[in-house]
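Close look at the chain arrangement
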Amino acid sequence: MTTTSAPTTAITHIAQLVTNDPSLGEGPLGLIQDAAVVIDGDRIAWVGATSKAPATDNAVDAGGRAALPGFVDSHSHLVFAGDRTAEFNARMSGRPYSAGGIRTTVAATRAATDEALHANIARYLAEALRQGTTTQETKSGYGLTVEDEARALRIAAEHTDEVTFLGAHIVSPDYADDPAGYVDLVTGPMLDACAPHARWVDVFCEKGAFDGDQARAVLTAGKAKGLVPRVHANQLGHGPGVQLAVELGAASADHCTHLSPADIDALAQSDTVATLLPGAEFSTRARWPDARPLLDAGATVALSTDCNPGSSFTSSMPFCIALAVRDMGMTPDEAVWAATAGGARALRRTDVGRITPGARADLALLDAPSHVHLAYRPGVPLVSAVWHKGVLV
C-alpha cells in the first residue's frame, strides 16, 4: 500500500461491492461479497475481502450495506435560471414537447446575476452528490450570445471539471431569421471566447435545432480548437446525429431514442458511447430508448440524468437506473454499470466509475444489501453515505 501523510481508512463488512473490474470479483461488475475498501488520500489503495483487509488509521463498518462507485453523470445542463413549471404542467395536460421551450430558460438565464447562477449550479451539484453522483458533466446553452455563453462556462468550470460548450443548443432568438448567421457566430467569435473554459463541444442535431450540415460545421470548428465532440442525437426522431457523432469521433451520442439498424451498428463498431437519458422520456411522455439492441450489438451504453429545467428536471441517477430497468430493456447489473463505468467511458475517464486500486476514491454506500435495490426499490433514498475524492461528504 502506498504510504502518504494522509490517514488511511478502511470501509469493511460491505455486503456486496461493485468494483466494475471483473479481475477483482464476480461477473462484469466485479462483485465482491463481504468486501473491504482502503482509501489513502483521494485514491483507492486496496480492495478485497474484509478478512484480508490491511491495518489502517481509521475504520468504518459498513454494517452489511452494499457499495458501488460514485455515479458518473455525463450529461446535464445546470447553468440556468428559473424553471419551466408551467410548460411541464401544460405538457402533462396534453401539449407535446419541442425544442422551442428552451427560449424561456434563455431569457431567464441572461437576466440572472452571476451570483444567482453560481448558487443554482452549486445547489444542483450538492443535490446530486447526496444521491451518489461524484462526477458531473454540465453544459452551457442557455445564453446563446458570446458574452452569456462564455459566462456560463466560466461559472461551470468553477464547480466541475467536465464542462461542455453548447452554443448550438438552439438558434438564438436574436438570429431567428438568420440561422446561418448564428452558426457563423457559434463557430467564430463565440467559440473563440468559450473554448478556453471547456473540454467538450456539443450540438443539438435535431429538427427544430440544427441540421446535419450545421452540426458538422459546429463540431468541426470545435475540434479545430481542441474540444472533443459530443452530440445530442436522435432524440425526437431519426436523423443524422448518431452517424455524425461516430464519423467525427465523438465521445458520446446522447439520447439515441430513434435508431436505425445502421445507427446501432455504427455505435457498436466505434468508440462513441450511446448515452441514454430516460429522465427526458419520463418528463416528455416520449417513446423510451431501447437499450437492448445496443447492448446485444456490443455498443457501450451510459446512463445520465440530462438534468435541465425543461425536459428532465431530475438530478437522481438512482431514478434513471430504475427507469432503465423498468422501461428500457436493461438488467439491474447493466444499468448500474452504465451509470458508473459507462458514464466514465462517455467522459473518457479511467479514474472514476470503478473501485480499483489507483482509481479516485469515489463511492456510495447503500442502505441495502445489494445494488439491485436501486431498481427494486424505486424512489427510495437508498444512498446513505458518499465518499468523494476520499472524503466522507
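Figured I'd write up the structure that's included with this text. (Residues numbered from 1 in each chain as written. Predicted model: local features only at pLDDT ≥ 70, side-chain atom pairs only at ≥ 80, totals over all residues. Heavy atoms only, no water.)

1. Remarks on the pattern of salt bridges
Opposite charge on two side chains permits them to pair, given that their charged atoms come into close proximity. Which entries qualify depends on this criterion: The term salt bridge refers to a side-chain nitrogen of Lys or Arg lying within 4 Å of a carboxyl oxygen of Asp or Glu. We count a stretch as a helix when DSSP gives it H or I for four or more residues in a row; a strand needs E for two or more, and each element gets its number in order from the N terminus.
Tallying each qualifying case throughout the model produces 19 salt bridges. For Asp 192, the salt bridge identified is with Lys 225, shortest N-O distance 3.0 Å. Here Lys 225 lies in the loop between α6 (212-224) and β10 (228-229) and Asp 192 lies in helix α5 (residues 179-194), a separation of 33 residues in the sequence. Between Arg 326 and Asp 327 there is a salt bridge, with its nearest N and O atoms 2.9 Å apart. Each of Asp 161, Glu 162, Arg 199, Arg 349 and Asp 351 takes part in salt bridges that share partners, so that together they form one network.

2. Examining the nonpolar core
Worth spelling out the cut-off: Definition of nonpolar core: a set of buried residues of the types Ala, Val, Leu, Ile, Met, Phe, Trp, Tyr and Cys, connected through side-chain atoms within 4.5 Å. Exposed residues in this analysis have more than 50% of their type's maximum accessible area, buried residues have under 20%, and partly exposed residues fall in between, with area computed by a 1.4 Å probe over protein chains only. When checking whether two residues touch, look at their non-hydrogen atoms; a contact exists if any pair is within 4.5 Å.
In terms of nonpolar packing, the biggest core is built from 85 residues, with Phe 165, Leu 267, Leu 294 and Leu 303 touching the most fellow members. Among the elements that take part in this core, α5 stands out by supplying seven residues, more than any other. What Phe 165 contacts, discounting residues up to four positions off in sequence, is Ser 140, Glu 149, Leu 153, Val 186, Met 190, Leu 191, Cys 194, Ala 198, Trp 200, Val 201, Asp 202 and Leu 227. Counting residues in hydrophobic clusters, the runner-up holds 17 residues, among them Ala 35, Ile 39, Leu 363 and Ala 385.

3. Observations concerning the environment of Pro 229
Take Pro 229: it is sitting in strand β10. Overall, Pro 229 belongs to the buried group, its relative accessible area being 2%. Separated by 17 residues in the primary sequence, Pro 229 and Val 246 have C-alpha atoms spaced 9.9 Å apart. When residues no more than four places from it in sequence are discounted, the contact partners of Pro 229 are Trp 200, Val 201, Leu 219, Lys 223, Leu 248, Ala 250, Ala 251 and Ser 252.

4. A closer look at the side chain of Glu 206
The criterion, for reference: Residues scored as charged are limited to Lys and Arg (positive) and Asp and Glu (negative), so that His and the chain ends carry no count.
Tracing the backbone through its elements, the reader meets Glu 206 in the loop between β9 (200-205) and α6. Buried Glu 206, no salt bridge; nearest opposite-charge side chain is Lys 207, N-O distance 9.3 Å.

5. Some details on the packing of aromatic side chains
For any two aromatic rings, the description comes down to two numbers: the centre-to-centre distance and the angle of the planes. The cut-off we apply is this: Each aromatic pair joins two rings of Phe, Tyr and Trp (for Trp, the six-membered one) with centres within 6.5 Å, and gets the label stacked for planes under 30 degrees apart, edge-to-face for over 60, and tilted for any other angle.
Under the counting rule described, the total for this entry stands at seven aromatic pairs. Arranged with centres 5.8 Å apart and planes meeting at 75°, the rings of Phe 80 and Phe 313 form a pair that is edge-to-face. With Phe 80 in the loop between β6 (71-73) and α1 (85-92) and Phe 313 in the loop between β14 (301-303) and α11 (317-327), this pair connects stretches of sequence that are 233 residues apart. Ring centres of Phe 282 and Phe 319 lie 5.0 Å apart, and the angle between their planes is 90°; on these two criteria the pair is classed as edge-to-face. Taken together, the positions of Phe 282 in helix α9 (residues 278-284) and Phe 319 in helix α11 put the pair 37 residues apart, joining distant regions of the chain. With relative accessibility at 43%, the residue Phe 282 sits in the partly exposed group. Looking at Phe 319, the relative accessible area reads 25%, which means it is partly exposed. Site record: aromatic cluster; members linked through ring pairs are Phe 80, Tyr 124, Tyr 142 and Phe 313.

6. Some details on the packing of helix α3 (residues 114-130) against helix α4 (residues 146-157)
Formally: Working convention: axes come from line fits to C-alpha atoms, limited for helices to the stretch in contact. Angles between N-to-C directions cover 0 to 180 degrees. Throughout this description, any angle smaller than 35 degrees is read as roughly parallel, any larger than 145 degrees as roughly antiparallel, any in the 65 to 115 degree range as roughly perpendicular, and the remainder as oblique. Note on convention: the crossing is left-handed when the near helix lies turned anticlockwise from the far helix by less than a right angle, right-handed when the turn is clockwise. Note on residue categories: nonpolar means Ala, Val, Leu, Ile, Met, Phe, Trp, Tyr, Cys or Pro, charged means Asp, Glu, Lys or Arg, and polar means any other residue, Gly included.
Between α3 and α4, the shortest axis-to-axis distance is 10 Å and the interhelical angle comes to 45°. Considering their axes alone, α3 and α4 lie oblique with respect to each other. α3 and α4 meet at a crossing whose hand is right-handed. Where α3 abuts α4, its residues Asp 114, Leu 117, His 118 and Ile 121 lie against Arg 151, Ile 155 and Ala 156. Taken together, the residues of the contact of α3 with α4 break down into four nonpolar, one polar and two charged.

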